[in-house]
Amino acid sequence: MASSNSYKLRCSIPGHEMDVRGLASAVSPEGAFVSVSRDRTGRVWVPNSSPDKGFTEMHSMSGHSNFVSCVCIIAPSETYPQGLIATGGNDNNICVFTMDQSQPLFTLTGHKNTVCTLSSGKFGTLLSGSWDTTAKVWLNEKCMMTLQGHSAAVWAVVILPEQGLMLSGSADKTIKLWKAGRCEKTFTGHEDCVRGLAVISNIEFFSCSNDTSIRRWLVTGECVQVYYSHTNYIYSLAVFPNGNDFISTGEDRTLRIWRQGECSQTIRLPAQSVWCCCILPNGDIAIGASDGIIRVFTEAEDRIASAEDLQAFEDELSKTTIDPKTGEFGDIKMEELPGREHLVEPGNRDGQTRLIKDGEKVEAYQWSVSDDRWMKIGDVVGGSNQQTSKNVMYEGKEYDYVFTIDVNEGGPSMKLPYNVSEDPWLTAHNFLQKNDLSPMFLDQVANFIIENTKGHVVGPAQPAGGDPFTGGGAYSSAALRQTATNIYFPKTDGVTFEQANSSQIMAKVKELNGGAPLEHKLSDEILESLQRLLVSVSEPNSSMSPPSIQEINVLWKASHWSEDLVFPILDIMRLAVRHPQVNETLCGEAEGVQLCNHLLSLMRPEGRPANQMLALRTLCNCFSGRHGRALLMAQRETVLSHAADLAIICNKNIHVALATLLLNYAGCLYGQPDLEAKAQCLSVASRALETVQDKEAVFRLLVALGTTVASDQTAQDLARSLGVTSQISKYSSVSDPSKVAECCQLVLKELQ
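Between its terminal C-alpha atoms helix α5 (residues 502–515) stretches 21 Å, which fits the 20 Å expected from 14 residues at 1.5 Å a residue. Of all the positions in α5, only Ser502, Ile505, Met506, Val509, Leu512 and Asn513 are classed as buried. Along the long axis of α5, the arc covered by the buried residues comes to 125°, so they all point the same way. More than 90 degrees from the buried face of α5, the exposed residues found are Ser503, Gln504, Glu511, Gly514 and Gly515.

On to the environment of Met375. By secondary structure assignment, the location of Met375 is in strand β32 (residues 373–380). For the pair formed by Met375 and Ala364, sequence separation is 11 residues and the distance between their alpha carbons is 8.5 Å. With sequence-adjacent residues up to four places away left out, Met375 is seen in contact with Glu314, Leu317, Ala364, Tyr365 and Gln366.

What follows deals with the pairing of strand β10 (residues 115–120). Of all the six residues making up β10, five are buried; the element is thus mostly covered by neighbouring parts of the structure. In terms of strand pairing, β10 meets strand β11 (residues 126–130) through five bridges, oriented antiparallel. For Ser119, the partnering residue across the bridge sits in β11 and is Leu127. Here β10 folds back onto β11 in antiparallel fashion, the turn holding five residues, of which Phe123 has a positive phi close to 60°.

Here we take up the sheet that holds β10. Backbone hydrogen bonds hold the strands of a sheet together, and the pairing may be parallel or antiparallel. Spatial strand order, β10-β11-β12-β13: four strands in an open sheet with antiparallel pairing. Two strands in the sheet have a free side with no partner beyond their single neighbour: β10 and β13 (142–147). Each strand of the sheet is rotated relative to its neighbour by a mean of 25°, with strand direction disregarded. Here β11 pairs with strand β12 (residues 135–139) via four bridges, running antiparallel. Directly across from Gly129, in β12, lies its bridge partner Ala135.

Turning to the confidence of the model for the protein chain, a few remarks are in order. On average, the protein chain scores 84 in pLDDT, and the residues at 70 or more come to 86%. Scored below 50 in pLDDT, residues 383–390 shows 31 contacts in the model against residues more than four places distant or in partner chains.

This brings us to the side chain of Arg295. Following the sequence through the fold, Arg295 ends up in strand β28 (residues 294–300). Within the structure, the side chain of Arg295 is placed 2.9 Å from the side chain of Asp291, a separation counted as a polar contact. With residues near it in sequence (within four places) discarded, Arg295 still touches Leu9, Cys11, Ser12, Leu269, Pro270, Ile285, Ala286, Ile287, Phe313 and Glu316.

All right, on to the environment of Gln727 then. Among the structural elements, Gln727 can be located in helix α18 (residues 724–728). Judged by its relative accessible area of 14%, Gln727 is buried. Considered as a pair, Gln727 and Glu690 are 37 residues apart in the sequence and their alpha carbons are 8.4 Å apart.

Reading the values: the criteria
- Residues numbered from 1 in each chain as written.
- Predicted model: local features only at pLDDT ≥ 70, side-chain atom pairs only at ≥ 80, totals over all residues.
- Heavy atoms only, no water.
- Helix = DSSP H or I, 4+ residues; strand = E, 2+ residues; numbered from the N terminus.
- Expected span 1.5 Å × (residues − 1).
- Buried < 20%, exposed > 50% of the residue type's maximum accessible area, 1.4 Å probe, protein only.
- Arc of directions from axis to C-beta.
- Contact = heavy atoms within 4.5 Å.
- Pairing = 2+ DSSP bridges.
- Axes fitted to C-alpha atoms, helices over the stretch in contact; angles between N-to-C directions.
- pLDDT = per-residue confidence, 0-100.
- Polar contact = N/O pair within 3.5 Å; in protein donor to acceptor, adjacent residues only side chain to side chain.

Below is the structure:
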């Protein structure tokens with residue numbers, strides 16, 4: 001078969017609605033591969049015989065409740081001769097599919113945060129890595145062991161051909177070699193997060209990193225070669241069957257092909273992030289990017305796209321806008337740039353870039369060895385430091401400016417998006433946080449923003465002195481004793497739902513009781529008992545005696561009323577558990593677990609929203625008493641895992657109650673060395689922030705995060721490794737209500 005000796009586009013597959021985050025070559029059908037995406041789906045693609053030399057979607061797989069982050073193929077077995085597909089997601093789960101089914105064969109649960117990497121080995125072994133800082137080994141639908149040792153998210157895992165040897169790469173900048181579940185060796189050398197690993201042989205492997213380098217290692221510990229060519233984060237690697245040549249993709253918009261230790265070809269893409277790559281059995285290369293498109297490149301002359309499709313791809317690339325310091329451009333002085341005549345001179349290597357001035361425009365070109373010409377790769381927008389055109393797109397959002405900052409000479413450029421409505425100091429702070437840079441650069445970066453936006457700066461409102469939870473005129477005495485810069489956290493006194501209208505609640509009970517079937521009707525004695533208890537717990541200054549054991553028992557029995565009727569009874573329980581006597585009786589050692597189980601049964605995702613909300617509010621109010629706090633701390637893992645499932649329900653009252661429950665847990669854990677519990681709080685908060693929109697709920701989640709990490713370095717490290725900083729930074733510029741941005745800024749400060 002004829003070969004062009006350089007890769008050209010075979011086809012573009014617009015198969016996903018969001019970023020394509022993982023690719024894997026399938027064993028069967030022949031030539032097939034699997035893709036996964038932030039759109040929560042996986043898709044199986046098979047080559048078709050049409051003139052466009054493309055691929056057809058065989059079927060789509062669903063099973064994750066959040067973004068799908070990674071995929072791998074489990075080798076064929078007698079039971080599954082086509083092999084299996086394993087996918088990992090932001091829902092903390094691993095779904096395993098057969099090649100021809102759209103729903104999971106089974107689901108593996110156990111990770112406490114996003115599963116971001118998977119690798120399969122002999123005998124059906126599966127290795128997973130997660131933001132929870134662990135890797136797990138799975139076999140026959142069970143977790144066989146957990147590999148603990150990294151101090152930050154595990155971004156990459158791979159199983160070596162030798163039985164029992166496994167590798168993990170982490171945001172802690174290290175790679176670890178594991179044998180039989182024990183760490184045998186730690187590899188150091190990378191200066192930033194390790195993002196990808198690829199096996200060369202029994203004794204060698206590659207790694208890639210955010211530090212823009214690729215390293216070749218011996219399993220004995222030696223780094224035998226370092227490869228440089230990328231100009232930004234490197235996300236993925238794949239090795240050709242010869243074991244020497246390989247490919248890589250990254251944040252610099254490129255796919256790079258490496259032969260005999262040198263970058264022999266650079267293919268630029270019209271997408272910011274090239275997340276993943278895989279090599280197909282016929283030597284073709286598939287890549288997935290942030291624009292949701294899969295592109296396949298080939299060396300085979302008979303599979304190269306038509307001239308029209310190649311031109312369309314080149315046209316799309318030429319229309320992209322490029323930040324002037326992305327790639328190899330360096331500082332640009334418009335007056336010193338040559339004109340179009342500069343393109344007459346040939347380049348001296350594939351991928352070499354050249355800038356030319358065309359009137360008032362600056363255009364970027366790349367030398368193509370195979371085509372023996374300069375190919376336009378985009379327009380460079382702005383001067384030497386900035387894009388000044390309005391509505392600049394960056395990571396799918398519009399900004400007034402997108403600056404490029406060079407902090408470390410010779411290191412990769414970093415993008416800083418900015419809107420004139422934002423506080424330049426906060427934007428600078430968030431930028432330093434995101435890129436793990438020293439706070440010493442704060443003044444320098446903020447002043448750079450101010451100088452380059454010509455004074456168009458709008459700062460945030462100053463913190464007010466009111467209660468951020470109730471809107472009242474005063475906060476708690478504990479908060480007022482804190483420094484004026486942080487009235488929000490740590491929040492250690494429980495937040496409860498106090499609002500009550502006793503007459504309306506009882507009127508609703510009687511109304512529902514009047515229309516209830518005979519077998520569900522409450523007697524007059526029960527109604528009178530409920531009314532006495534309601535008055536005594538909601539009107540503390542009344543002359544009513546405290547609730548009796550008999551009245552509390554009546555409330556407990558009434559709370560098991562039919563699910564379509566029970567919500568006003570739950571409202572009475574919400575108010576009642578604040579009373580010391582009720583709290584002790586219902587939350588004590590004997591009855592407490594029953595109460596928990598009953599409330600959790602009402603919180604089922606398929607249940608009634610009113611019951612879900614009031615069950616959550618009741619749990620929150622249980623924290624007002626000693627017995628309730630002890631009960632909920634003992635049942636923490638079960639309660640929070642059930643509560644977290646309600647984040648996907650589109651109901652702001654449920655979201656506020658969920659956030660409040662999490663906040664109360666965080667308050668109880670403040671000052672405690674229980675990292676596992678804090679890890680669950682961080683994970684649930686992170687998951688909730690993926691879907692919660694209501695600003696009050698967001699605010700309470702931010703306070704919960706702040707309380708969890710306050711004065712706890714280990715919890716802060718864990719939050720950073722989970723990506724909390726980048727997840728919440730968008731709230732730092734919320735203007736209404738101002739408390740959201742103020743609290744967010746303080747959480748970011750804790751995590752710096």
